[in-house]
Amino acid sequence: MEIRQLSVARPTRALAFVATVAASGALLPAAVAADEQCPVRGGTFTIPFAPEPADLTPGANAQYAPSLIFDQIYDTLLILDRDGNLLPGLATSYEVSDDSLSVTFTLREGVMFHHGREFEARDVVYTFERLLDPEFASPWAAQLGSITGIEALDRFTVRMSFEEPFAPILSVVSTAWYTAIVPYDFTPENNLNEKASGTGPFKLVTYVPDDHVLLEANSDYWEKGYPCIDAVRFNMVPDPQTQISAFRQGNADIVVLNDPKFIPILQNVEGARLIEPAGAVNESGLGINTAEGSTADVRVRRALSLGTDRRGVIDTVLFGYGEVGTKISCGKVPYGWCEDADPPLPYHDYDPDQAKALLAEAGYPDGLDLTMQVSLPLDIQTAEILQEQWSAIGVSLSIEQIADFNQQLDNYINVKHETSIVSLVWQPDPHSDVYQIYYSTSPINLGKFADEELDRLLDAGKVELDVEKRIQIYKDVQRLVADQVYMIYPYTKPVNWQYVWDHVKNYQAMPSGTYLHLRYLWLDK
Amino acid sequence: MGRYIVRRLLLLIPVVLGVTFLTFLLIRIIPGDIVTRMMGVTIANNPETRALILSELGLDRPLLEQYVWWLGRIFLQGDFGYSFIHGGPVIDQILSRGPVTLQLGLMSMAIAIAIGVPLGVLSAVKRGTALDLLARIFALLGISTPSFFTGTLIVVFGAIWFPKVTTLGYVPFTEAPWESLSRMLWPALALGLGIGAIILRYTRSSVLEVLGEDYVLTARAKGLPEAAVVFVHALKSALIPVITAIGLWSAFLVSGAVILEEVFAIPGLGRLVLSAIENRDYPIIQGTVLFLSLVVALVILVADLLVAAVDPRVRLH
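The numbers attached to residues start from 1 for each chain and follow its sequence in the written order. Here chains are named by letter from A upward and ligands by number from 1 upward, in the order in which they appear as written. Local features are withheld for residues below a pLDDT of 70 in this predicted model, meaning they are given only at 70 or higher, and side-chain atom pairs are given and counted only at 80 or more; totals for whole chains, interfaces and linings count all residues. Hydrogens and water molecules were not included; the side-chain quantities draw on all heavy atoms of the structure.

Caption draft 1: Broad picture of the sheet that holds strand β13 (residues 272-275) of chain A. Residue and element names in this part refer to chain A. Here three strands make up an open sheet; going across it, the order is β12-β20-β13 and the pairing antiparallel. Bordering the open sheet on either side are β12 (254-257) and β13, each of which pairs with just one other strand. Neighbour to neighbour, the strand axes of the sheet diverge by 25° on average, direction disregarded. Two elements, β12 and strand β20 (residues 497-501), share four bridges in a ladder whose sense is antiparallel. Within β20, the residue paired with Leu 257 across the bridge is Trp 497. Should any heavy atoms of two residues lie within 4.5 Å, those residues are counted as being in contact. Structural elements are reduced to axes, namely lines fitted to C-alpha atoms, with helices fitted over the stretch in contact, and the angle between N-to-C directions of any two is expressed from 0 to 180 degrees. Put simply, DSSP H or I for four residues or longer makes a helix, DSSP E for two residues or longer makes a strand, and each gets a number counted from the N terminus. Strands β12, β13 and β20 of the sheet are contacted by helix α6 (residues 240-248), whose axis makes an angle of about 155° with β12. Paired strands, as defined in this entry, are two strands with at least two bridges between them according to DSSP.

Laid out in structure tokens, this is it:
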């Protein structure tokens, strides 16, 4: 049990997550005799994978796909489990200073890098200084907030200091996408697509672009006895239909569906089972231009929100595989707004009559015309449903399909739209989730809204270390956004749906869509 | 003949220059930008970091200068540049992917010719019969069905009806020849059927035309058996336009390969270009398109030379 013991130094003021460490055993099977951990050892687990990861260098780019692979090769200081709990990773404990301006991590001893050297504090210092180095230009430097420095206190202790308290730091150091720990003596002189060294459960064997990434088990992994399998192979298969065929032909142990329309295809395939999704954390975000045009009037925006039958969108676009949500949806425990448990949000429930009344009050008794920009398939379908729903309240919506997602992104950043739908990316902390899209001076504020009260709440959430208070802050944020209808969230859904064959045992899906459980699964064949 | 070849080779220069310049411009005109792609929206909107990245990639210089610089390094130093995304040499990527697409192309063409030429001849000789009708229906279907559709049908229904047959992925010929051929058969079939249908139509009309010529009439009048008339006398001249068509349609093969490599998860040049376009990896796109346009131009040239070898009239023009 010892390796899972995370000592929370100040449990009453633990950062970010409630870190109910006592319950943490739920995620990881106890370290017991090898056969009980892995009733069958060996085998290769094959995953059809898209999109092309292109570059497997941690911290170098903002793409999500590579992070799913270096999750296996590298470790993080802490680990975020399926339920949002913090577990020990390369750090066995952490302590927050009384003034909340520094966090000290005690590191795990005896962990070996794949190139054969013991992991130590210097590697952590190197990892973070590299991310902060302007020459390296990492997109994640901003995720480290007001960090002023990181120093090694001794061989197995590091301290991070901040200018002002920075609540999200613990979830940031739990996310390999941002802060995978890389060795100081290996990373600079190697092309990490060819040769990599981390402390993770798997080692990179080869990466053949557009073909496959092959990883082999790290027999020295610090979680003794894991991984159970010998190797993981990510086969690059760009087309979702082809991925399903690869699965059905037995050329893959798992298939990951991003669109629920594929679920019926696999539903009745004998021997295949759907892994319980880890919660709906992926929102469809409808941005509204609040600076100019008819939508600058809050009554019009409220009418649009009231005229949106969210359940109807979920039933048609997602075949029911989604939830009514807002930006921080219910799956994002403990901060999320849950339809069943929380008080209802203003202007959130479908009410076409009130919507029409509001439009009339705003000076549009005969309705109005709006355009909506979309580019991705699910967003296009959502727009088509909204077109129909909104016509009932007198809004005539014309859909402007943008051929290229990047172009739509450029438009949305610069608010060259009346309304625009984009699927938003999951982030591990409520601060990183909403700050950038809601804060008035943020470069990617989706609707050009500037709300002093909203800014104040967002600033408070960034520095508030008391979890209960922080939960309240983010619920207030969501209430305010719903009241002013700065954005509409037609639905929220799991990141993906995963089917595996019955021979795949002890596998779980993660809310972020990462494959954390590859290290624990075993193949019964 | 020598002068003809030289003239044709010289004509290649403006063609290739034109293609590369158009590609160079087009990928810069299409929306979406490399910095956003690599770094996410936050960094892409930070002017300082943005400028730093653009200058590192050489994208801060005037367009024409970038083009001349890129072309100059290829022709003077044989240097195709380096990927923006992973930093590897472009030429390595092209050379490692080339054989994959070549295998797909050769197998598709072999299938296309094996279907198109005999069926075309048969259809012409048996003109008006049920066989001719069937061949023509096949040709119509083959031409009007896009290869990605045929490919998707093979992928989807192959997996349902023949779950034991692997239709996807790629194994190098040098590693496991039989496995390599049997997997590549499916995408080659999807691509080859369409081109086979086109070749069938060319062959049919060309054979029909030749069969009406005076010298064929003479051959018949001499009392030669029909087989000898068709295969010895008619076919030789009937195949001239077919060879030209095969040359031209090899260009179609390249565009078909791009899509089918995506559908069948084959790591060839088509996938390389598609991922590179997705990532806005300019050096890879430019290098691969240059390489492909050279190959297509050369294939068409070889087809024309074959025609010239068979038909002396061509050389005079």
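Okay, back to it.
Caption draft 2: Examining a nonpolar patch on the surface more closely. Residue and element names in this part refer to chain B. The patches described consist of residues with a relative accessible area above 30% and no salt bridge, like charges being joined within 9 Å and nonpolar side chains (Val, Leu, Ile, Met, Phe, Trp, Tyr) within 5 Å. In this description, accessible areas are obtained by the Shrake-Rupley approach with a 1.4 Å probe, and a residue is regarded as covered only by the protein chains that are shown. One speaks of a salt bridge when a side-chain nitrogen belonging to Lys or Arg is within 4 Å of a carboxyl oxygen belonging to Asp or Glu. There is a patch of nonpolar side chains on the surface, built from Phe 148, Phe 149, Leu 153, Phe 157, Ile 160, Trp 161, Phe 162, Val 165 and Ile 259 and spanning about 840 Å² of accessible area. Broken down by element, the nonpolar patch gets its largest block of residues, six residues, from helix α7 (residues 147-161). Tracing the backbone shows Phe 157 in helix α7. A relative accessible area of 32% places Phe 157 in the partly exposed class. Per-residue accessibility, obtained with a 1.4 Å probe over protein chains only, is compared with the maximum for each type, and a residue is labelled buried under 20%, exposed over 50%, and partly exposed between these values.

Caption draft 3: View of the confidence of the model for chain A. Of the residues in chain A, 94% reach a pLDDT of 70 or more, and the chain-wide mean stands at 88. pLDDT is a residue-level measure of predictor confidence that goes from 0 to 100. The low-confidence segment residues 1-32 of chain A, where pLDDT is below 50, has 84 contacts with residues more than four positions distant or belonging to other chains.

Caption draft 4: Summary view of the side chain of Thr 175 of chain A. Residue and element names in this part refer to chain A. Within the secondary structure, Thr 175 sits in the loop between α4 (169-172) and α5 (176-179). Overall, the relative accessible area of 8% leaves Thr 175 in the buried class. Once residues within four sequence positions are removed from consideration, Thr 175 is found in contact with Thr 76, Ala 180 and Pro 428.

Caption draft 5: Spatial organisation of the layout of surface pockets. Here a cavity denotes grid points, spaced 1 Å and computed from the protein atoms alone, that fit a 1.4 Å probe unable to get out, and a pocket denotes an open set having protein on both sides within 12 Å along at least 5 of 7 lines; residues with an atom within 4 Å of a point are the lining. Grid points are joined across faces, edges and corners, and a volume is the space filled by probe spheres set on the points. One number sums up the size of the second largest pocket: a volume of about 880 Å³. Forming the walls of the second largest pocket are 37 residues, and the residues nearest its centre are Met 38, Glu 56, Leu 57, Ser 83 and Phe 84 of chain B. Residue assignment for the lining of the second largest pocket shows that the elements contributing at least two residues are α3 (121-132) of chain A together with α1 (2-29), α2 (34-44), α3 (47-57), α4 (63-77) and α12 (282-310) of chain B. Per-element tally for the lining of the second largest pocket: the top contributor is α4 of chain B, with four residues.

Caption draft 6: Just the packing of helix α9 (residues 310-317) of chain A against helix α11 (residues 377-391) of chain A, in detail. Residue and element names in this part refer to chain A. Interhelical geometry of α9 versus α11 gives an angle of 135° and a closest axis separation of 10 Å. The angle between the axes of α9 and α11 places the two elements in the oblique class. α11 is crossed by α9, and the crossing has right-handed handedness. Taken together, the residues of α11 that come into contact with α9 (itself represented by Gly 312, Val 313, Thr 316 and Val 317) are Leu 378, Gln 381, Thr 382, Ile 385, Leu 386 and Gln 389. Throughout, the ten residues Ala, Val, Leu, Ile, Met, Phe, Trp, Tyr, Cys and Pro are labelled nonpolar, Asp, Glu, Lys and Arg are labelled charged, and all others, Gly among them, are labelled polar. When its residues are assigned to classes, the contact of α9 with α11 shows five nonpolar, five polar and no charged. Between 65 and 115 degrees an angle is taken as roughly perpendicular, under 35 as roughly parallel, over 145 as roughly antiparallel, and anywhere else as oblique. When the near helix sits turned anticlockwise from the far one by under a right angle, the crossing is termed left-handed; a clockwise turn instead gives a right-handed crossing.

Caption draft 7: Representation of unusual backbone geometry within the structure. All names here are of chain A. In this structure, the amide linkage connecting Ala 50 to the following residue, Pro 51, adopts the cis form with an omega of -5°. With respect to the helices and strands, the residue Pro 51 is situated in the loop between β2 (44-49) and α2 (65-73). Here Tyr 226 and Pro 227 are connected by a cis peptide whose omega angle stands at -5°. Secondary-structure assignment places Pro 227 in the loop between β10 (212-217) and β11 (231-236). Of note, the phi angle at Ala 54 is positive, near 65°, even though the residue is not glycine. One non-glycine residue, Asp 210, adopts positive backbone phi at about 65°. Note that Asp 210 resides in the loop between β9 (202-208) and β10.

Caption draft 8: Seen up close, the environment of Ile 29 of chain B. Residue and element names in this part refer to chain B. The topology assignment puts Ile 29 in helix α1. Note on Ile 29: relative accessible area 61%, which makes it exposed. The spacing of Ile 29 and Val 273 is 244 residues in sequence and 17 Å in space, taken between C-alpha atoms.

Caption draft 9: Fine view of the state of the cysteines. We call a pair of cysteine sulfur atoms a disulfide when they lie within 2.5 Å. Taken as a whole and judged by the stated rule, the model has two disulfides over all chains. Taken in sequence order, the bonded cysteines of chain A link in the pattern 1-2, 3-4.

Caption draft 10: Region of interest: the side chain of Thr 157 of chain A. All names here are of chain A. Assignment of secondary structure puts Thr 157 in strand β8 (residues 157-162). As used in this structure description, the phrase polar contact means that two N or O atoms lie within 3.5 Å; if the pair is within protein, one of them must be able to donate a hydrogen and the other to accept it, and residues adjacent in sequence are counted only when both atoms belong to side chains. Within the structure, Thr 157 has its side chain in polar contact with the side chain of Asp 154 (distance 2.9 Å). Residues contacting Thr 157, with those up to four places away along its chain left out, are Thr 104, Phe 105, Leu 107, Ala 121, Glu 151 and Ala 152.

Caption draft 11: Region of the structure containing the interface of chain B and chain A. In this complex, chain B contributes 40 residues to the contact, which on the side of chain A involves 37 residues. Take the accessible area each of two parts loses on contact, using a 1.4 Å probe, and add the two losses: that sum is the buried area. Buried surface at the junction of chain B and chain A, summed over both partners, amounts to about 3,100 Å²; 53% is from carbon and sulfur atoms. If you look at where chain B meets chain A, you find two salt bridges. Residue Arg 97 of chain B is joined to Asp 210 of chain A by a salt bridge in which the shortest nitrogen-to-oxygen separation is 3.0 Å. Taken together, the links from chain B to chain A amount to eight residue pairs in polar contact (both at pLDDT 80 or more). Contributing elements (two or more residues each) for the side of chain B that touches chain A: α2, α3, α5 (90-125), α7, α10 (226-263) and α11 (269-279) of chain B. A total of eight residues in the side of chain B that touches chain A trace back to one element, the largest contributor, which is α2 of chain B.

Caption draft 12: View of the confidence of the model for chain B. In this model, chain B carries a mean pLDDT of 86, and residues with pLDDT of at least 70 account for 96%. Across the whole predicted complex the pTM is 0.84, and at the interface the ipTM reaches 0.77.

Caption draft 13: Local environment of the pattern of salt bridges. Residue and element names in this part refer to chain A. In total, this model carries 30 salt bridges over all chains according to the counting rule given. The residue Arg 117 makes a salt bridge to Asp 185 at a minimum N-O spacing of 2.8 Å. Taken together, the residues span a long stretch of sequence, with Arg 117 in the loop between β6 (102-107) and α3 and Asp 185 in the loop between α5 and β9 at a distance of 68 residues. On the accessibility criterion, Arg 117 (15% relative accessible area) is buried. Residue Glu 283 is joined to Lys 327 by a salt bridge in which the shortest nitrogen-to-oxygen separation is 2.8 Å. Of the two residues, Glu 283 is situated in strand β14 (residues 282-288) and Lys 327 in the loop between α9 and α10 (352-361); the sequence distance between them amounts to 44 residues. For Glu 283, a relative accessible area of 1% gives the class buried. Via salt bridges that share partners, Arg 117, Glu 118, Glu 120, Asp 123, Arg 155 and Asp 185 belong to a single interconnected network.

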